[in-house]
Structure formats: C-alpha cells, structure tokens
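# Architecture and fold: a report
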Amino acid sequence: MNPTHNHFPEGPSFRSTLNTRYRVASVWQALFFSALLIAIISLTALIYDVVDGAFGYVAYDYKKDPATFTSTPLEDLTKEELLTTLQANLSSGAYNKLNNEKAMETRLRGELYTLFLERLIQLDIKKTWSFTESIMRAGAIRTEAAEKYPDAKLEFRSWLTPQFLTSPMSSKAEFAGVRTAILGSLWLVGIALLFALPLGTGAAIYLQEYAPKNWLTGIIQMNINNLAGVPSIVYGMLGLAIFVRVLAPLTSGSMFGVTDTNGRTVLSAGLTMGILILPLIIINAQEAIKAVPDSLRQAAYGVGATKWQTVWHHILPNSIAGILTGSILALSRALGETAPLIVVGASTFISVDPRGPFSKFTALPIQIYQWTTRAQSEFHAIAAGAIIVLLVLLLTLNATAILLRNRFQRKY
Amino acid sequence: MQNTQTPEYAIETKSLFIFYGSFAAVSEVTMKIEKQKITAIIGPSGCGKSTLLRAFNRMNDFVPSSYVTGEILMQGQNLYGKEIDPVEVRRKIGMVFQKPNPFPKSIYENISWGAKINGFKGNMDELVEQSLRSAALWDEVKDLLKKSAYELSGGQQQRLCIARTIAIQPEIILMDEPASALDPISTLRIEELMQELKKNYTIIIVTHNMQQAARVSDYTAMMMIDDNRSGGVIEFDKTQTIFTRPKDKRTEDYVTGRFG
Ligand SMILES: Nc1ncnc2c1ncn2[C@@H]1O[C@H](COP(=O)(O)OP(=O)(O)OP(=O)(O)O)[C@@H](O)[C@H]1O
Ligand SMILES: [Mg+2]
C-alpha cells in the first residue's frame, strides 16, 4: 500500500464525521441521564409516599370525659395517680388480666397512660389526613373537622413516636406499636445469620480452595447461582415442609420440654431465612475469597504452609471483611422478606415479645402488610410509620456494610 | 579442591519432563546442581524457566493440569515419589517470587509465621533478628518490626521475602527473577546478598538479565524451546564458560544479545 496515500477524511469532511460522532454520543448520554432521572424520581416518590402517610392531622375525641376519672390535667398525671385511677375504674376481671400479662406496678408511666387512654376515656380517632393534605389544605381540614366532628380535637401528629417503637401490637391503631415486630425481625435475622454465615463461609472456602475444578463442582456452582434467584415463596414452602413439619420436634422445642407451641416458631422462620440467604452468602464469600491474590497463597505455600494453614491464617483474615459485608447485604434481604414468613406461619396478631427460639413471632414486613390491609386510614398511617422503621433498619445495615468495607479494604 | 574431590550436589534432575495437560512445557532435563553455589537459569521468554524452577519445590502442584515425569532427586530421594509430602519439600526448598509478596502482616510476623507453622521451638526474637540480618535488612527495619510490611519499599519488601525464606532454614533457595521489579540499586543489594547467602545455601535463580547472571552465578543453564515449543536445557556449564566459550551457537547468540 502506498504509505503517502491518505485514507482518512480531512478538513470539512472530517469535521462532518466528527459531528456525527458527537450527535450519536449526545443521544446516548441523554438516554443514560434519563435512566438516572427515572430512578431518582421513583425513589423520591417512594420516600414521599411513606412520609406522606406517617405524618399529618388527626381528629379524635374521648368517648368518656377525662374529668369523670380525674381532676388533674391529663399530661400531669403521675404514675401513681394513673395506677389508682385504673384500679378504681376498670372491672376487677379486666384489671387482673392486665396484671397477669405484666404486673401493673412494674409498668412505666407511658404504658399506664396508654391504658388510661385506651380503656377508660377511650380515645377514638375520627379521621386522619395525609401530610400533603395537612400542609396544603390546613384551613379546609379545620373547617371540615369543626363541622363533622364538633367535639373532636384536631392535632397535627407524627405516627412515628418513641411510644410507637416500644409498644406491642394493639387492635387500636393509636396504641399499636412495632416493638414485637422489631424484636421478631431481629430474632429472625439473628438466627438466619448464625445458621447461614458459618455454613456459607465454609461452603465458599471449600468451593474456592479445595474443590477440584470438574464437571461436578461446575454443576454445584451453577446450582448455587440459580438458587440465589429462586423466588422467596419457594423457600417458604421448603421451610414449611422441613422446619415446621418434619423437624417439628426440634423447631417447636418439644424435644427440649417446651410444650405450648407448634413448629411455627421464630426458629423455623429464622432457619428458612437462613436457607434463603445461604446462596447469597456463598456467592459473596466466594467473591471475597477470589479477591485474595494468588501471590499471597504462593507466599504461604512457599514457606511450607499446609492448605489449612494458608486458609486459616491468610485467606480467611483477608477475606472476612468482604464475607461479612456480603452477609450483611444478604441479611437486609432477609429483613424485608414477607412471603416465606407468611407461609412458615408468622403470627399476625401477637403482643408478647419473642423470648427465645421457640416463641411465636411476627416481623416488621408482616406487620406492615397486616396494617395496610385494614380499612381504617389510621392503620395506613401506622403502616407508613412501620415502613420508615423498616427502611431505617435496612439503611443501618447497609451503612454498616459500607463502613466495614471501607475500614478493612486492603491493598496487596 | 580440584578434580580429585567429587562435588556435592544439592539436587539433580533425571530426564525430567513437565507437562501442562498434554503440552510438555519442559522436556528431558537432566542436570546436577552443586551445593552452595549459585546456578542461573537463562533463556528467552516462554522457554519454561519458571516452570522448571517451580518444579523443584512442587509449586506446580497448584496448577491442576500439570504433572511431571522423570525424577528430581534430593539426597537420593525422588521429590515426586509417592511417600514425599510436598509441604515438606517446600520447607526444605524455599522460594522468592518475581514480585515481592510479603504477607499483609507486620514485618516481625512476616518472618515468624513460617517458622511458627513449621513448629520452630527456639527463640523467635533471635530468629527474626538473625534472618533480617542475613537478608541485610535489619538495620533498616529494627525499629519498625511492628509496622506493616507494606510500608516498606519494593526492594526492602523483596529482602523481607528473602529473610522470610531464610527463617525456615531451607537447604535450597529458588528465586524467580527476584530483582526484575526493582531499581538498579536494590538489584545490586540483592545480588550482594546472594553472594553472602551462598555460604550457607544453594541458590537457583531465573533471570533475564545477562549481566546479572554473569555477575552472580557460578553455573548457568541455558534454556531454549524446540520445534514443538517445548523448552529444554541446551547447555549447562560453568558461567564463565557459558559467557566466554559457549559450545552451542544459540547460547552464544543469546548471551551476546544477537538472539531472535
Ligand atoms: N499454568 C499454566 N498452564 C498452562 N500452561 C502454562 C502455565 N504456566 C506456563 N505455561 C506454559 O509453559 C510454557 C513455559 O512457561 P514459563 O512461565 O515456565 O516460561 P518462562 O521461561 O518462565 O517465561 P518468562 O521468561 O516470560 O517468565 C509457556 O509456553 C507457557 O505458556
Ligand atoms: Mg517466568
């Protein structure tokens, strides 16, 4: 070929091809940007929707006048006054029942105050308004409340209160809380982690460091990858069949002398969640182990280390941060799962804290699902509150994972 | 000590072939490596130098498809014999790699770990100091023993790797282009160090640097690939002979830079 002959466009014709290249580029750039925009809009809408439900005006009144029980203004009532008022005005049967659930003397002022509102003056919610409505139409809401509920008080409130976090379930939205659900969720992910972390790490170490690369391990690897994508309800069915039914003597605790439960315990559900996140943990752990460079393995073998010494002293310590990060992210999946819990049999109404692996339980997503199916708008408001709690928990987990990753990031 | 005395050999190979799958990367190597001498392996890229070197301490075992035929004998024992444990081989034949690869641990632990896992029962502080002194690193790091090995320069890291190898008191030290990632001054220090070390150890070094081979080694093995891309030792002799009066034309071309 003649090297002096120029095959490239020059001058104006070069500039015109250049312009075409820029045009194509800007179209793609615009597409990428709109993708990002749509993602941001969806996220904003989600957060707005939740916040919108969790705050706003509420109109309520008392079925009985507080003055019939006490002359002190409600806010100033002491614990002792509340106790005597409750004792005096509740039927002795009702009082004893409450006392049996939890001794009245040991209850906090807040708990007694809630009982006072719930049982004696019988706070009654008439209507709730969303955050947007409350901001945009405050005047209209005020007139509407005054017309329709002349006796009711109108108050702007957050449904997400300290009390909401510490109260157990109640059939009245204004007294219901997520305490039982939070504890249930924590038990669940705790059991799932105890089960899946050692198992998953072990399997990952075996696959990466010990298993020969042949068709059998290839099939196992492929199956693990596929299991990570199996719909969670399938894990629920598995958990129901194995943990709730077949292993009932173990999971109900009857082997250990626990008599008052069946297999639908937090242990069964936790193990189901453990199975659900196991493939995720294995895959993440494998990635973390793969990230340990071969030069480090060679260094260890080079000074006469056995495989086990290499794994224990070098590969594990150098991949543990990655393994934990992956496990935490897997846990946050478990925290949000609902379907398998329904199948395994989470309780939908339960107000006692889970006290051990053989307890009945509920979990945050179950509680949220439960409340959103109710007709009354105040339940939707506390569902929004519970969603915020769940999101905060998830964000905390993810932030922990990121911190862990940054803290232990290694250079080789 | 001429002629009358038969030299002592640290290790020898007999018709050694090294395969990756069905590909013979190294063919038919028979050589005897003298004790307390430095033997250099030279040759163009891809001729199987690293493969041969790694065969000596069974590091090739980690390549699943690899296997050897023939023998590598150390004190009359075939290192690839059924009764031989590769872990034991690696304790007796240490290795320094091309790229410095200290453990992501403290300088002290880099030395002590190998000794500890091999059941060392003596005074660890002494061993660490001794090994670092032998690797000509003690003066530079004696106040930094608790610091991470990654805080050292590349040359220092490589000397730390040498110290780590010395600490398990091997009989042979293998080095695969130990200075190729280092600057000329660090390279010189490593070369001086090798001269020091050969008083106690047998050293086999792979190098691309002709001057280095000529400077440091007592013996040189010239490797070259044949028509099947399989590498072999085409000439093995005293370094002086290889560099001044090579028998093989290809060796002469290679060491004088006229190769290819
Ligand atoms: N793990 C492996 N699997 C398969 N083939 C390999 C492997 N390692 C090396 N080989 C092949 O064996 C031959 C020799 O490789 P080797 O690394 O020993 O060469 P070398 O002489 O050390 O080259 P260089 O000077 O570039 O380091 C090459 O053809 C290479 O492709
Ligand atoms: Mg090489």
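Residues numbered from 1 in each chain as written. Chains lettered and ligands numbered in written order. Predicted model: local features only at pLDDT ≥ 70, side-chain atom pairs only at ≥ 80, totals over all residues. Heavy atoms only, no water.

On to the overall build of chain B, then. Each helix and strand in chain B was counted, giving ten helices and ten strands. Against the 2.2 N^0.38 benchmark of 18 Å for 260 residues, chain B shows a C-alpha radius of gyration of 18 Å, consistent with a compact globule. When each of the 260 residues of chain B is scored for burial, the buried share is 55%. Counting contacts in chain B only where the partners sit at least 6 residues apart, residues at least 24 apart contribute 68% of the total. When the accessible surface of chain B is split by element, carbon and sulfur atoms take 48% of a total near 12200 Å². Here chain B holds 32 positive side-chain charges and 32 negative ones, and the gap between their average locations is 1 Å. (Helix = DSSP H or I, 4+ residues; strand = E, 2+ residues; numbered from the N terminus. Rg over C-alpha atoms; globule rule 2.2 N^0.38 Å. Buried < 20%, exposed > 50% of the residue type's maximum accessible area, 1.4 Å probe, protein only. Contact = heavy atoms within 4.5 Å. Areas by Shrake-Rupley, 256 points an atom, 1.4 Å probe, with all protein chains shown as cover. Lys, Arg positive; Asp, Glu negative; His and termini not counted. Charge placed at Lys NZ, Arg CZ, Asp CG, Glu CD.)

All names here are of chain B. Surveying the vicinity of ligand 1 reveals 14 residues, the closest of which are Ser45, Lys49, Ser50, Thr51 and His208. Taking Tyr20, its side chain carries an N or O atom lying 3.5 Å from a nitrogen atom of ligand 1. Between Ser50 and ligand 1, the recorded distance is 2.7 Å, taken from a side-chain N or O atom to an oxygen atom. Those elements that place two or more of their residues in the shell around ligand 1 are strand 2 (23-34) and helix 1 (49-56). Counting residues per element, the shell around ligand 1 draws most heavily on helix 1, which supplies three residues. By residue class, the composition of the shell around ligand 1 is five nonpolar, six polar and three charged. (Near = heavy atom within 4 Å. Polar contact = N/O pair within 3.5 Å; in protein donor to acceptor, adjacent residues only side chain to side chain. Nonpolar A, V, L, I, M, F, W, Y, C, P; charged D, E, K, R; others polar.)

Our next topic: the domain arrangement of chain A. Residue and element names in this part refer to chain A. Domain boundaries assigned for chain A yield domain 1 (54-158) and domain 2 (179-408). Between the C-alpha centres of domain 1 and domain 2 there is a distance of 40 Å. With four residues of domain 1 at the contact, the number on the domain 2 side is six residues. Here domain 1 meets domain 2 over a buried area of about 370 Å², counting both sides, of which 65% is carbon and sulfur. (Domains from an automatic or database assignment. Buried area = accessible area lost by both parts, 1.4 Å probe.)

This next bit is on the environment of A:Ser171. All names here are of chain A. With respect to the element layout, Ser171 can be found in the loop between helix 7 (162-166) and helix 8 (179-210). For Ser171, a relative accessible area of 47% gives the class partly exposed. Along the primary structure Ser171 and Pro212 are separated by 41 residues, whereas in three dimensions their C-alpha atoms are 58 Å apart.

Core analysis: the biggest nonpolar cluster contains 85 residues, and A:Phe116, A:Ile277, A:Leu341 and A:Trp371 have the highest contact counts within it. Take this core: its biggest share by element is 13 residues, from helix 12 (residues 266-290) of chain A. Taken domain by domain, the makeup of this core includes at least three residues from each of domain 1 (54-158) and domain 2 (179-408) of chain A. Leaving out residues up to four positions away in the same chain, A:Trp371 has contacts with A:Phe164, A:Met169, A:Ala176, A:Gly177, A:Val178, A:Phe379, A:His380, A:Ile382, A:Ala383 and A:Ala386. Grouped together as the second largest cluster of nonpolar side chains are 43 residues, B:Ile42, B:Met124, B:Ala163 and B:Val255 included. (Core = buried A, V, L, I, M, F, W, Y, C linked by side-chain atoms within 4.5 Å.)

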